[in-house]
Amino acid sequence: MNSIVAQERIIALRKKRSAQDLRFKYYGFIAMCLALAVLVFLLYSIFSRGFTAFQKTTILLEINYDQEVLKLTPDSTDQEIEKGKFFKVKKNALNNVFENLSKSDAKLIKKLFSTNIDKEIKNYYIDNPSVLNTTQKLWVTAHSNVDQMLKGNSRRDVPEDRRKLNDIQLSFIDQLVEEDRIQKEFNNFFFTRADSRHPEIAGIAGSFMGSLLTLFVVFILSFPIAIGASVYLEEFAPKNKLTELIEVNISNLAAVPSIVFGLLGLGVLLNVFGFPRSTPLVGGTVLALMTLPTIIIACRASLKAVPPSIKEGALAIGATKSQAVFHHVVPLALPGTLTGTIIGLAQALGETAPLIMIGMVAFIPNIPTGITEPSASLPVQIFLWVESAERGFQEKSAAAIMIILLFLFMMNALAVYLRNRFEKKW
């Protein structure tokens, strides 16, 4: 009888444990679904707001390049072209589209176009000097307020005092739509221009180049120093309390908040060593200090993964310790080191706080060409645009996030490829 009771108790306990396991699986599945749902919602909110930034609104104008109005001739020099009266050509083109305009209406019409319209008309003439004394159909960039309204990011069914465009301007836009003078086309400005006060002509070229130059400085500084430190600590340094203290500090530095490195750059690199402010040089140096622990940890783990027999075999045939390490161990550990380096660079690409601390948050309207020229970076550019109240900048900030996510994905995919392609299984 007691054996039967014991057996029933065992069966009950088994059922209870099985139920617990089943509940744990359900909890894990629910947690995974929630995480995926949050990720999908996050990506959807970014992509739904940002994909429209890859298009811009343009308006068709008939530009009469009259040499009497421009005060130019076919033999005009570049200096004379720069002084050409292209604003008068623009004014005549607007009057041809909207006839019998009053002065107040003319001012309202002008606000429908980008401030870059004069430059677009002039650049077309510079690229095509034969258009002098001819009339050309030219699609010019519309103002951001028009662009956002036609994309559906701004509503027109709200009271006039709460809109960027008044009723008269909306009637002009409706006229342009009826005459097929408005279209959307690929926004080349977004990829070829630097930052601007006007969202319709602002782009990421300046901040993207700044990020590339910064990552170049990070790689040049952190990669060789990290390999040297890792090889010394793993292969040559004596095992004592000093090296143990160094190893513990390296691990701790990997967990230090990034803004601390920004304070270090502000207090030491700028104030003591006089590095140029707001440049990829100082930004890359700060991020290199932040990335060093990550690369050192990855490199040391790769060195430990190499079987000791590799080094022992090299020593057995007469190689010195340095030859055994640098000719055999380090090359075999390089794939894992590169993986850690790429992950560290990806982390550096997304950092904002250290760069803000060292002044890389200024408005930079030019594309940098060197590591000592002032520049922004993609995360800082996003930070600046998100703070702006203009709807056009909100759209562009989401698009810039899409670009940075794309590059982070590509860098992580490259790290996985290098690890799978070159890593040896022992």
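Residues numbered from 1 in each chain as written. Predicted model: local features only at pLDDT ≥ 70, side-chain atom pairs only at ≥ 80, totals over all residues. Heavy atoms only, no water.

Turning next to the overall build of the protein. Counting its secondary structure elements, the protein contains 18 helices and 3 strands. Here the protein has a C-alpha radius of gyration of 31 Å; the compact-globule value for 426 residues is 22 Å, and the former is much larger. Across its three principal axes, the protein shows a C-alpha extent of roughly 100 × 75 × 40 Å. Burial statistics for the protein: of 426 residues in total, 42% are counted as buried. Across the protein, every contact between residues at least 6 apart in sequence was considered, and the portion connecting residues at least 24 apart equals 76%. (Helix = DSSP H or I, 4+ residues; strand = E, 2+ residues; numbered from the N terminus. Rg over C-alpha atoms; globule rule 2.2 N^0.38 Å. Buried < 20%, exposed > 50% of the residue type's maximum accessible area, 1.4 Å probe, protein only. Contact = heavy atoms within 4.5 Å.)

Turning our eyes to something else, we now look at unusual backbone geometry. The backbone phi angle of N133 is positive, close to 65°, even though this residue is not glycine. Relative to the elements of secondary structure, N133 occurs in the loop between α6 (117-127) and β2 (135-141).

This part takes up the packing of aromatic side chains. How two aromatic rings sit relative to each other is set out by the distance from centre to centre and by the angle between their planes. Within this structure, the stated rule accounts for 11 aromatic pairs. An angle of 20° between the planes, with centres 6.2 Å apart, marks the rings of Y65 and Y124 as stacked. Taken as a pair, Y65 in the loop between β1 (55-64) and α2 (67-70) and Y124 in helix α6 lie far apart in primary sequence, 59 residues in all. By relative accessible area, which is 0% here, Y65 ends up buried. On the basis of an interplanar angle of 25° and a centroid distance of 6.1 Å, the ring pair of W385 and F393 is categorised as stacked. For the pair shown, W385 and F393 are each scored as buried. These aromatic residues form a ring-pair network of at least three members: F54, F186, F190 and F191. It is R193 that lies over the ring of F189; its NZ or CZ is 4.2 Å from the centre. Between R197 and the ring centre of F363, over which it is positioned, the NZ or CZ distance is 3.8 Å. (Phe/Tyr/Trp six-rings, centres within 6.5 Å; stacked < 30°, edge-to-face > 60°. Lys NZ or Arg CZ within 6 Å of the ring centre and 35° of its normal.)

Counting buried residues in β1 gives 7 out of 10 residues, a clear majority hidden from the surface. Across 5 bridges, the pairing between β1 and strand β3 (residues 182-186) is antiparallel. Looking at β3, one finds that T58 is bridged to Q183. Two strands pair when backbone bridges link them, and β1 and β2 are joined in this way by 7 bridges, in the antiparallel orientation. (Pairing = 2+ DSSP bridges.)

Attention shifts here to the side chain of D105. You can see D105 is positioned in helix α5 (residues 103-110). Nearest to the buried, unbridged D105 among oppositely charged side chains is K107, at 11 Å. Residues within four places of D105 in sequence aside, it is in contact with I168 and F172. (Lys, Arg positive; Asp, Glu negative; His and termini not counted. Salt bridge = Lys/Arg side-chain N within 4 Å of Asp/Glu carboxyl O.)

So, on to the pattern of salt bridges. Using the criterion set out here, one finds 12 salt bridges in the structure. Linking R155 and D157 is a salt bridge whose minimum nitrogen-to-oxygen distance equals 3.0 Å. For R155, a relative accessible area of 56% corresponds to the exposed category. One network of salt bridges, with partners in common, ties together E62, E179 and R181.

All quantities given are derived from atomic positions and should not be read as evidence of function.
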